[in-house]
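Each chain, letter by letter, is given below.
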Amino acid sequence: MAYLTLKSLESQLPPTEFIKVHQSYLVNFSRITAIEGNELRLGQKVLPIGRNYKDPVMTIIQQRLLKR
């Protein structure tokens, strides 16, 4: 059981490494292996991208890819 809210956890994590992709999920950029439609793949795990988070997630991922 966790006594932290996701919002408070998000504020404690470095924003350059973590992104909120859904109301219930924070993801480490280095763990993303693929994006398929409205889903992120993290190895064998598949997480949904919330409709309110899709555009910001795609923008940030594209920016990170261009920096490489």
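Residues numbered from 1 in each chain as written. Predicted model: local features only at pLDDT ≥ 70, side-chain atom pairs only at ≥ 80, totals over all residues. Heavy atoms only, no water.

Overview of the overall build of the chain
Heads up, the rule is: Only DSSP runs of H or I with at least four residues qualify as helices, and only runs of E with at least two residues qualify as strands; both kinds are numbered from the N terminus onward. Just to be clear, the radius of gyration here is over C-alpha atoms, and the globule rule we use is 2.2 Å times residues to the power 0.38. Burial classes follow relative accessibility: with a 1.4 Å probe on protein chains only, a residue under 20% of its type's maximum area counts as buried, one over 50% as exposed, and anything between as partly exposed.
Scanning the chain from N- to C-terminus turns up 2 helices and 5 strands. The C-alpha atoms of the chain give a radius of gyration of 12 Å, which matches the 11 Å a tight globule of 68 residues would have. Across its three principal axes, the chain shows a C-alpha extent of roughly 35 × 25 × 25 Å. Looking at the chain residue by residue over its 68 residues, the buried ones come to 19%.

What about the sheet that holds strand E3 (residues 34-36)?
Put simply, the rule is: Criterion used throughout: strands pair if DSSP finds at least two bridges between them. Where helices are involved, their axes are fitted lines through C-alpha atoms of the stretch in contact, as for all axes, and angles between N-to-C directions lie from 0 to 180°.
Spatial ordering of the open sheet is given by E3-E4-E5, a layout of 3 strands whose pairing is antiparallel. If you trace the sheet from one side to the other, it starts and ends with E3 and strand E5 (45-48), each paired once. Within this sheet the neighbouring strands show an average axis-to-axis angle of 25°, counted without direction. Strand direction decides the pairing type here: E3 and strand E4 (residues 39-42), joined by 3 bridges, are antiparallel. Within E4, the residue paired with Ile35 across the bridge is Leu40.

A few points about the nonpolar core
Quick reminder of the rule: Take the buried residues of types Ala, Val, Leu, Ile, Met, Phe, Trp, Tyr and Cys, join any two whose side-chain atoms come within 4.5 Å, and each joined set is a nonpolar core. Residues are treated as being in contact if the distance between any of their heavy atoms lies within 4.5 Å.
If you look at the biggest cluster of nonpolar residues, it comprises 11 residues: Ile19, Val21, Val27, Phe29, Ile32, Leu40, Leu42, Leu47, Ile49, Val57 and Ile61. When contributions to this core are tallied by element, the ones reaching two or more residues are strand E1 (18-22), E4 and helix H2 (54-67). When sequence neighbours within four positions are dropped, the list of residues in contact with Val21 reads Val27, Leu40, Pro48, Ile49, Gly50, Tyr53 and Val57.

So, the packing of aromatic side chains
For clarity, the cut-off: Put simply, two rings from Phe, Tyr or Trp (the six-membered ring, in Trp's case) pair if the centres are within 6.5 Å, and we call them stacked under 30 degrees between planes, edge-to-face over 60, tilted for the rest. Placement of a positive charge over a ring is assigned whenever Lys NZ or Arg CZ falls within 6 Å of the ring centre and within 35 degrees of the normal to the ring plane.
Going through the model one piece at a time under the given rule, you end up with 0 aromatic pairs. Positioned over the ring face of Phe29 is Arg64, at 4.1 Å from the centre of the ring.

Here we look at the confidence of the model for the chain
For clarity, the cut-off: Per-residue confidence from the predictor is reported as pLDDT, which spans 0 to 100.
Put simply, the chain has an average pLDDT of 91, and 97% of its residues get 70 or more. E5 holds the highest mean pLDDT among the elements of the chain, 97, whereas H2 holds the lowest, 87.

Details of the pattern of salt bridges
Using the following cut-off: By salt bridge we mean one thing: a side-chain nitrogen of Lys or Arg within 4 Å of a carboxyl oxygen of Asp or Glu.
Following the criterion strictly, the structure yields 1 salt bridge and no others. Close ionic contact of Arg41 with Glu36 constitutes a salt bridge, the shortest N to O distance being 3.2 Å. On the basis of relative accessible area, Arg41 is assigned to the partly exposed category, the value being 29%.

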